[in-house]
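Each chain, letter by letter, is given below.
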Amino acid sequence: MLGDLQIAFIGGGTMGEIIISRLLSTKTVQKPDLIIVSNPLSARCLYLEKEYGVRTTTCNIEAVLGTSIVILAVKPQVLVVVMAMLRGKIPLDALVISIVAGASISSLSQGLNHSAIVRTMPNLAVQVGHGTTVWSASPSVTEIQRSHTQVILQALGKEIATQNEYDLDMATGLSSAGTGFVFLFIEAMIDAGVQIGLTRTQAQELTLHTIAGSVELMFETHEHPAVLRNKVTSPGGATAAGLYELEKGSMRTVISNAVLAALSRTQQLGSIEMKK
Ligand SMILES: NC(=O)c1ccc[n+]([C@@H]2O[C@H](COP(=O)([O-])OP(=O)(O)OC[C@H]3O[C@@H](n4cnc5c(N)ncnc54)[C@H](OP(=O)(O)O)[C@@H]3O)[C@@H](O)[C@H]2O)c1
């Protein structure tokens, strides 16, 4: 589907490497030399060359020469400098896909002086192909470029397109920061299992299977979580006793506040970085 299109990565850190690895392992990109990665450290370039067979450079401008797709995978803190460097250097018919948290389509378009921009928000589960990536495209992105975006993001898991850019900030709060919240919940469940006498290995195995099984059940039955919760809550039983404690500890409010805080911090960081 991507054929012989060249893809340039600006930034070959954690996320850059994960995307490269998924594109190659899923054969979304057939030949590694169709990928060129730009990263400031030569040692990192060497590692990426050896591990994946991709081409590398320490020069961002060289990376985007003649490319069809540019993937911006740098930290928000260096984005303004990177955009200044690339301004006017990206081929006019190329598509820019950004994974930079908080960077809006208009700031990317102005900073790069480029019109075809896709802004995405992936989460960490892209590493295992079960990520969720919400994305939004500028009006100049063509139908073919939209389908190229889908093909790339499908190599990472589920992709969800939206016309409302605000959805991306909300996705940062829910599905991107949310992976961190889920890991904290998992950690707390394991610790609780150890506290009641299970070994750490037993507690981890039981916790992970409980969560994975519950998620699978929801996917299969499409039932509301409250319906499934009621099915395991017998009157005066163990689950009811535990649920009472969770409600008393304001679990719903705490989770809601965590998502709201992540959304508000995303917007704050986006506006700070863009003003620099
Ligand atoms: N990690 C996540 O779960 C996640 C999820 C969604 C979105 N994101 C977004 O993904 C982006 C990348 O995150 P990351 O975790 O991959 O960060 P990272 O590991 O720090 O990778 C960024 C890479 O960019 C390189 N770089 C720095 N300055 C550069 C420049 N001027 N030109 C080209 N490359 C440069 C860095 O090299 P040095 O290390 O040598 O400085 C590093 O290899 C961020 O904007 C983040 O918001 C991350």
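All of these numbers come straight from a predicted model, not from anything done at the bench.

(A) Representation of the pairing of strand E1 (residues 7–10). Neither face of E1 is exposed, since Ile-7 and Phe-9 on one face and Ala-8 and Ile-10 on the opposite face are all buried. As paired elements, E1 and strand E2 (residues 35–38) share four bridges and run parallel to each other. Each bridged residue has a counterpart across the sheet, and for Ile-10 the counterpart in E2 is Ser-38. When E1 meets strand E4 (residues 69–72), the two strands line up parallel, connected through four bridges.

(B) The arrangement of the site of the ligand in detail. Close to the ligand lie 27 residues, the nearest being Gly-11, Gly-13, Thr-14, Met-15 and Ala-101. The set of elements that each furnish at least two residues to the shell around the ligand consists of helix H1 (14–25) and helix H4 (76–86). Looking at the shell around the ligand element by element, the count peaks at four residues for H4. Within the shell around the ligand, the residues separate by chemical class into 15 nonpolar, ten polar and two charged.

(C) Structural view of H1. In this model, H1 (twelve residues) spans 16 Å end to end at C-alpha, consistent with the 16 Å of a helix rising 1.5 Å per residue. Among all positions of H1, only Met-15, Gly-16, Glu-17, Ile-19, Ile-20, Arg-22, Leu-23 and Leu-24 are buried. Packed against the buried residues of H1 are E1, E2, helix H2 (42–52), E4 and helix H6 (143–154).

(D) Structural context of the domain arrangement of the protein. Domain parsing of the protein yields domain 1 (7–163) and domain 2 (171–270). For domain 1 versus domain 2, the distance between C-alpha centres works out to 33 Å. In this complex, domain 1 contributes eleven residues to the contact, which on the side of domain 2 involves eight residues. Grouping the constituent residues of the side of domain 1 that touches domain 2 by class yields seven nonpolar, four polar and no charged.

Definitions and limits used
Residues numbered from 1 in each chain as written. Predicted model: local features only at pLDDT ≥ 70, side-chain atom pairs only at ≥ 80, totals over all residues. Buried ≥ 20, exposed ≤ 12 C-beta atoms within 10 Å, placed from the backbone. Helix = DSSP H or I, 4+ residues; strand = E, 2+ residues; numbered from the N terminus. Pairing = 2+ DSSP bridges. Near = placed C-beta within 6 Å. Nonpolar A, V, L, I, M, F, W, Y, C, P; charged D, E, K, R; others polar. Expected span 1.5 Å × (residues − 1). Contact = placed C-beta atoms within 7 Å. Domains from an automatic or database assignment.

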